[in-house]
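Observations on chain architecture
One-letter residues, chain by chain:
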Amino acid sequence: MENNLEKQLTPEESLSIISASMEKSREDMLENAGAPMYWWGSLMLVFSLAVFFLWDKTGSSAWNCLWFAMAIIGYIVGKCTYGKKRKGIRSFISVIMQKVWGTFGILAVSSSTLIVLCVLGILRFFPTRLLSPDPVSVPITVIIVVLLGCSTTVTGWILKNGWIAAAGLLTGIVGTAFAVALPGAHQELVLTGVSLVGLILPGLIIDKGRCRHE
Amino acid sequence: MNKEDDALAFKPLDPLLNSELRLAVMSILVSAESADFSYLKLRAGATAGNLSVQIDKLEKAGYIAVSKGFKGKMPQTTCRITENGRKAFEEYVDALRSYIRDDRP
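1. Some details on the interface of chain A and chain B
If you look at the interface, chain A gives 27 residues, while chain B gives 33 residues. Of the roughly 2,700 Å² buried between chain A and chain B, counting both surfaces, carbon and sulfur atoms make up 59%. At the boundary of chain A and chain B, one finds one salt bridge. A salt bridge links D28 of chain A to R43 of chain B; the nearest nitrogen and oxygen atoms lie 2.6 Å apart. Listing elements by their share of the side of chain A that touches chain B, those giving two or more residues are α1 (11-30), β1 (89-90) and α5 (92-119) of chain A. When residues of the side of chain A that touches chain B are assigned to their parent elements, the largest contribution, 12 residues, is made by α1 of chain A. Class assignment for the residues of the side of chain A that touches chain B results in 12 nonpolar, seven polar and eight charged. Relative to strand β1 (residues 34-36) of chain B, β1 of chain A runs antiparallel, the two being bridged by two bridges. When the sheet's bridge partners are listed, I89 of chain A is paired in β1 of chain B with A35 of chain B.

Here it is, written out as structure tokens:
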């Protein structure tokens, strides 16, 4: 290409350059697209099972604080692994998806932190009668499930993939029903199911779609 | 020249885009939100010096916007297509179509 910089192209050559460049960049943009969903889904699966067993064994809901550790580990390790593998090209879709999931992360961490701080009595924005000292009665799980279901559904719509959108709706609706119905430590198992349907499955669908394109 | 002749006439090809390296850069950027200089260098198969010259030409024509920043401690140059660039690319592809149509038996 170096020696032909100013060479006038024939229409056929131009079309060939355009199609080859666009195809290659499209493949690069799709590479690792499902990785963040796998990563966060797998982390959520492991942590939900860990918190369930620890809470169930000890009877202490304080093990829920492990979720904050998950957020920190997930962010740092994710940046160092799939974050570094990113090619130097960003698609419009990846930018929108980053914003959707970034919003989910901010809302999930901030709402959980606020609720925990209120329950511990560190923040006194609300009359204490509104919040029980028992974190189980505060619907943190419901909030997380609804936010996650919403983010997965929007991801499906952005990618024009009905299966991912359906997985998101299923996560939000069925997950909320179980989160409301199940008591205490068993709510963690709802998060196990939600991580499978709302994150790992969509990640698989995204990568399967990429393989089919190739 | 009547309407039919107009439709069949060759549209002029934008000389700025009718170059291998610049066309490759524009084809990558037209389907992306942005791309790094190192990515463009890799995909266009160009040297850094040559790519810089071509990117400069595209930027001066208002076809792309170039921003310089840092990724960690490494300097990073990011390119994105502008509205003018997108329009020019579309017109270039339209013009190409007129040539291809004319080649048909």
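Resuming the write-up.
2. A closer look at the packing of aromatic side chains
Residue and element names in this part refer to chain A. Using the criterion set out here, one finds three aromatic pairs over all chains in the structure. Taking the centre distance of 6.5 Å and the plane angle of 40° together, the rings of F47 and W67 count as tilted. Here W67 lies in helix α3 (residues 66-80) and F47 lies in helix α2 (residues 35-58), a separation of 20 residues in the sequence. Looking at W67, the relative accessible area reads 18%, which means it is buried. A ring pair is formed by W101 and F104, whose centres lie 5.4 Å apart and whose planes are at 75°; its orientation type is edge-to-face. Here F104 and W101 lie together in helix α5, a separation of three residues that amounts to about one turn.

3. Notes on a nonpolar patch on the surface
Residue and element names in this part refer to chain A. On the surface, a nonpolar cluster with roughly 460 Å² of combined accessible area is contributed by I72, I73, Y75, I76 and V77. Along the chain, the position of I72 falls in helix α3. Take I72: its relative accessible area is 52%, and that puts it in the exposed class.

4. Concerning the nonpolar core
In terms of nonpolar packing, the biggest core is built from 36 residues, with M26, L29, L40, L51, L58 and Y92 of chain B touching the most fellow members. Those elements that place two or more of their residues in this core are α1 of chain A together with α2 (20-30), α3 (37-44), α4 (48-60), β3 (74-81) and α5 (83-103) of chain B. Of the residues forming this core, the biggest block, eight residues, is contributed by α2 of chain B. Other than its neighbours up to four places away in sequence, M26 of chain B contacts L17, L58, Y63, I64, I81, G85 and F89 of chain B. Counting 27 residues, the second largest nonpolar core, distinct from the first, contains F52, V100, L147 and A185 of chain A.

5. Regarding the pairing of strand β2 (residues 64-71) of chain B
Summarising the sheet, β2 of chain B and β3 of chain B pair through eight bridges and their orientation is antiparallel. Bridge pairing links I64 of chain B to I81 of chain B in β3 of chain B.

6. Brief notes about helix α7 (residues 162-181) of chain A
Residue and element names in this part refer to chain A. The end-to-end C-alpha distance of α7, which contains 20 residues, comes to 28 Å, matching closely the 28 Å that a straight helix rising 1.5 Å per residue would cover. Among the residues of α7, those classed as buried are I164, A165, A167, G168, T171, G172, G175, T176 and A179. For α7, the N-terminal capping position is held by N161, with its side-chain oxygen 2.9 Å away from the main-chain nitrogen of W163.

7. A closer look at the pairing of β3 of chain B
All names here are of chain B. Strand direction decides the pairing type here: β1 and β3, joined by two bridges, are antiparallel. Bridge pairing links D36 to T78 in β3. Where β2 folds back on β3, the antiparallel hairpin that results is connected by two residues, among which G72 adopts a positive phi of roughly 70°.

8. Some thoughts on the pattern of salt bridges
Once the charged atoms of two side chains with opposite charge are near each other, the side chains can pair. Residues and elements named next belong to chain B. Taken as a whole and assessed by the stated rule, the structure comprises seven salt bridges over all chains. The residue K87 makes a salt bridge to E91 at a minimum N-O spacing of 3.9 Å. Pair noted here: K87 and E91 are both in helix α5, with a separation of four residues, about one helical turn. The closest approach of N and O atoms between D94 and R97, which form a salt bridge, is 2.9 Å. Of this pair, D94 and R97 both sit in helix α5, three residues apart, roughly one helical turn. Take R97: its relative accessible area is 48%, and that puts it in the partly exposed class.

9. Overview of the side chain of S112 of chain A
All names here are of chain A. Within the secondary structure layout, S112 lies in helix α5. Judged by relative accessible area, which is 10%, S112 ranks as buried. With residues up to four places along the chain from it excluded, the contact list for S112 reads F68, I140 and I144.

What counts, and where the lines are drawn
Residues numbered from 1 in each chain as written. Chains lettered and ligands numbered in written order. Predicted model: local features only at pLDDT ≥ 70, side-chain atom pairs only at ≥ 80, totals over all residues. Heavy atoms only, no water. Contact = heavy atoms within 4.5 Å. Buried area = accessible area lost by both parts, 1.4 Å probe. Salt bridge = Lys/Arg side-chain N within 4 Å of Asp/Glu carboxyl O. Helix = DSSP H or I, 4+ residues; strand = E, 2+ residues; numbered from the N terminus. Nonpolar A, V, L, I, M, F, W, Y, C, P; charged D, E, K, R; others polar. Pairing = 2+ DSSP bridges. Phe/Tyr/Trp six-rings, centres within 6.5 Å; stacked < 30°, edge-to-face > 60°. Buried < 20%, exposed > 50% of the residue type's maximum accessible area, 1.4 Å probe, protein only. Patch = residues over 30% accessible without salt bridge, like charges linked within 9 Å, V, L, I, M, F, W, Y side chains within 5 Å. Areas by Shrake-Rupley, 256 points an atom, 1.4 Å probe, with all protein chains shown as cover. Core = buried A, V, L, I, M, F, W, Y, C linked by side-chain atoms within 4.5 Å. Expected span 1.5 Å × (residues − 1). Polar contact = N/O pair within 3.5 Å; in protein donor to acceptor, adjacent residues only side chain to side chain.

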